[in-house]
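# What the coordinates show
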Amino acid sequence: MKSKLLCFFCLFLLFFSGESAAQNVALYEQFAGRYDFTFVGNTLNPAENGVEWPTYILTSSSADLNLNPGDSVLRAYLYWAGSGTGDFDIKLNGVDITAQRTFSTQQLSSEKFFFSAFCDVTDLVLATGNGIYTVSDFDLNHLVNEYNDNGTNFAGWAILIVYENSNLPLNQVSIYDGLQNVPTSLEINLTNLYVLDNQNSKAGFIAWEGDAGLPTETFIINDIYTLSNTLNPADNVFNGTNSVTNSSDLYNMDLDIYPLDPYIQIGDTSMNFKLTSYQDFIMINTVVIKLNNQLPDATVSIDNFTLECNSREIPIEYTVYNVNSTDPLPAGTQIGIYADGELIATNQTPTILQIGESVTLSQIVTIPDSIPIDFTLMIMADYDTAVTELVETNNTDTEAISLWVSPAFNQPQDIINCNLGLTAAYFDFSAYEESIKTDATQLVSFHESQSDAELNLNPITNAFNYYAATTPHQIFVRIEGEHGCYSVTSFFLRTRNCPPIIYNAVSSNGDGLNDTFFIEGLRDIFVNFELFVYNRWGRLIWTGNNSKPDWDGYVKDGIGNNLAPDGTYFYVLKLNDADYPDALTGYLYLNH
């Protein structure tokens, strides 16, 4: 079983390339501190390439890493490149390596493709330390014949190492990568730099396929200065050299390092390289810039915030850092707090933050009513840009926030049932539990008082058959949603006087069945009713109201206290109710 190196993405990952035409060299990562960089690598070409030569490419090669005492590896990035569209699975010191990022470009004159690949090998280099590094299982021999026709068959590898040493000055190390080629011309613009002191500044390049025998190029910095040194003539700077080992047999690749002191000025924030070549095919893969900088670098993180239901006041906790810096961050550095881009609060650092220090702050911010409940909270250190920093683009942290609010609901309607007497009635509002909800997850409960609903106490359990002794009777509803937020509403149980039901058969024989003239839904409902009973000749024989018992078949009014004879009688019922202005009339049959 082969061991496998797990490669992890780094901070500030800006590019992942597939097989596109090319990828511009752009900022990949920056470090600020007592850092520097170096290269280790080797070609797989056995000799300088040319038309029909060499006839093979090595599948492995080695190089020595020799860091000085006190140098501590911070990052180690392996780049490898060659002809064709890519071999992205190789070995480093016997460990399987798979590309995390890939780049490709095309030589327009021949339409041939070339590739490079990247993997973070920091863990492997930390574990191995100084010594021999060997790349193997990197085989492009199947492409030799195809690429030999114009002398562009090549393969090589390099490890870029960023290291720390307490004896170094405070530096900014910036890594740029991509894959761009020339001829005829190539321009690379490097940004996010800040030159405080140009002393001991330098630029390093990982380049591929340059030819020692083709003095056909120029390399210009900032449109003025021509880069060159003893290994790299002004007309042939990519000529198979290694500035770390001072060798010139790095066939068809270059690991070149140039001092920048004469070419840059204090205050520069960018750098421009222009490479021209009227014959030599050259690819730039990686550019590393080291500047002697001493600047703070304010960053911030939102650590915590607390939300409460229906509150726009939010306690927040955040930390301001001066970690990747080369100088203290001044006290009083301004902090801006934004909601959807609107400045809503400010603060400032209370003390000087030395290199590597941080301070945690807390405050309560009020979100304006104009801001929606879903918004982006942003905290920006040095929001007024009063402090010059190593990196001016890493001063913010954001958090998507949704304010907690009482849930929406469907307002329940009042329920009206027939008055059973003295405004009492039975009610069924059990279906309201679902109809009130606007979300299936909401919890609905019914209560006798608003305080019970607020506190979620004493819920009504018989909503399907609830007896209200008097009406109108108010029922309070608690609707609970997310985060325990709730709404309280209410509806009324009301009664109406339904039409009475008149039973028109009377048998006053004392058997307990129909012994009196009974009218259901009359007494204690139509409390002012008047009832008149007439015989068939229209003579009034009985009158009644809410204070008198039902008629039992006796003639009690006006003609004595005699039992009325069997037969048909007529009634007139005046309800004396605004909803029933007309008297109810009909007949009844008396049978003793």
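The paragraphs below set out a description of the structure included in this document. (Residues numbered from 1 in each chain as written. Predicted model: local features only at pLDDT ≥ 70, side-chain atom pairs only at ≥ 80, totals over all residues. Heavy atoms only, no water.)

## Regarding the overall build of the protein chain
Rule in force here: To qualify as a helix, a DSSP run of H or I must reach at least 4 residues; to qualify as a strand, a run of E must reach at least 2; elements of each kind are numbered from the N terminus. We compute the radius of gyration from the C-alpha atoms alone; for a globule the expected value is 2.2 Å times N to the 0.38, where N is the number of residues. Using a 1.4 Å probe on the protein chains alone, a residue whose accessible area is under 20% of its type maximum counts as buried, one over 50% counts as exposed, and one in between counts as partly exposed. Contacts are assigned to residue pairs that have any heavy atoms within 4.5 Å of one another.
Across its full length, the protein chain holds 4 helices and 40 strands. A globule of 592 residues ought to have a C-alpha radius of gyration of about 25 Å, yet the protein chain, at 46 Å, is considerably larger. Across the 592 residues of the protein chain, 48% fall into the buried class. A separation threshold of at least 6 residues defines the contact pool for the protein chain, and within that pool the share at least 24 residues apart is 71%.

## A look at the state of the cysteines
Test applied: Disulfides are defined as cysteine sulfur pairs within 2.5 Å.
Applying the stated criterion across every chain yields a total of 2 disulfides. Between the sulfur atoms of Cys309 and its disulfide mate Cys485 the distance is 1.9 Å. Handedness here is read from the sign of the S-S torsion; for Cys309 and Cys485, about -95 degrees, the answer is left-handed. Taken together, the positions of Cys309 in the loop between strand S19 (299-305) and strand S20 (313-321) and Cys485 in the loop between strand S30 (473-480) and strand S31 (486-496) put the pair 176 residues apart, joining distant regions of the chain. Here Cys485 falls in the buried class, since its relative accessible area comes to 1%. Residue pairing for Cys418: its cysteine sulfur links by disulfide to Cys498, the two sulfurs lying 1.8 Å apart. Since a negative S-S torsion denotes a left-handed disulfide, the Cys418-Cys498 link at about -90 degrees is left-handed. Here Cys498 lies in the loop between S31 and strand S32 (501-502) and Cys418 lies in strand S26 (residues 415-418), a separation of 80 residues in the sequence.

## With respect to the environment of Thr122
With respect to the helices, strands and loops of the structure, Thr122 is situated in helix H1 (residues 122-128). With a relative accessible area of 8%, Thr122 lands in the buried category. Separated by 276 residues in sequence, Thr122 and Thr398 have C-alpha atoms that sit 30 Å apart. In this structure Thr122 touches Leu74, Arg75, Ala76 and Tyr77, once residues within four positions along its chain are discounted.

## Topic: the nonpolar core
Which entries qualify depends on this criterion: Nonpolar cores were defined as sets of buried Ala, Val, Leu, Ile, Met, Phe, Trp, Tyr and Cys residues, with membership established by side-chain atoms within 4.5 Å.
Formed by 61 residues in total, the largest nonpolar core has its most connected members in Trp80 and Ile159. By residue number, the principal contributor to this core is strand S10 (residues 155-164), which donates 8 residues. Among the nonpolar cores identified, the runner-up in size contains 29 residues, and Val25, Leu190, Leu227 and Ile284 belong to it.

## Some remarks on a nonpolar patch on the surface
Stated precisely, the cut-off is as follows: The patches reported here contain residues having more than 30% relative accessible area and no salt bridge. Joining distances are 9 Å for like charges and 5 Å for nonpolar side chains (Val, Leu, Ile, Met, Phe, Trp, Tyr). The method behind every accessible area is Shrake-Rupley, applied with a 1.4 Å probe, and residues are considered shielded solely by the protein chains displayed. By salt bridge we mean one thing: a side-chain nitrogen of Lys or Arg within 4 Å of a carboxyl oxygen of Asp or Glu.
A surface patch of nonpolar side chains, about 330 Å² in accessible area, is lined by Leu420, Tyr426 and Tyr467. Tracing the backbone shows Tyr467 in strand S29 (residues 466-468).

## A closer look at the pairing of strand S14 (residues 217-221)
Heads up, the rule is: Whether two strands pair comes down to DSSP finding at least two bridges between them.
Taking burial as the measure, the 5 residues of S14 include 4 buried ones, the bulk of the element. Judged from the 5 bridges that link them, S14 and strand S17 (residues 271-277) form a sheet pairing that is antiparallel. Along S17, the bridge assignment pairs Glu217 with Ser277. Bridge analysis of S14 against strand S15 (residues 225-226) gives 2 bridges, and the strand direction is antiparallel.

## Describing the packing of aromatic side chains
Inclusion rule: Only Phe, Tyr and Trp rings are paired, with Trp represented by its six-membered ring, and only when their centres lie within 6.5 Å; those with planes under 30 degrees apart are stacked, over 60 edge-to-face, the remainder tilted. Put simply, a charge is over a ring when the Lys NZ or the Arg CZ is close to the ring centre, within 6 Å, and near the line of the ring normal, within 35 degrees.
Counted according to the given criterion, the structure contains 30 aromatic pairs. Look at Tyr77 and Phe118: their rings are 5.1 Å apart centre to centre, the planes differ by 50 degrees, and that puts the pair in the tilted class. Of this pair, Tyr77 sits in strand S4 (residues 72-83) while Phe118 sits in strand S8 (residues 112-120); the two residues are 41 residues apart in sequence, bridging distant segments of the chain. Using a relative accessible area of 0% as the deciding quantity, one classes Tyr77 as buried. Using a relative accessible area of 0% as the deciding quantity, one classes Phe118 as buried. For the ring pair Tyr79 and Phe118, a centre distance of 5.3 Å and an interplane angle of 70 degrees mean the geometry is edge-to-face. Placement of the pair is Tyr79 in strand S4 and Phe118 in strand S8, with a sequence separation of 39 residues. Summarising the burial analysis for this pair, Tyr79 and Phe118 share the class buried. A cation over an aromatic ring shows up here: Lys202 above the ring of Phe37, its NZ or CZ 4.5 Å from the ring centre.

Spatial relationships are all this shows, so hold off on functional conclusions.
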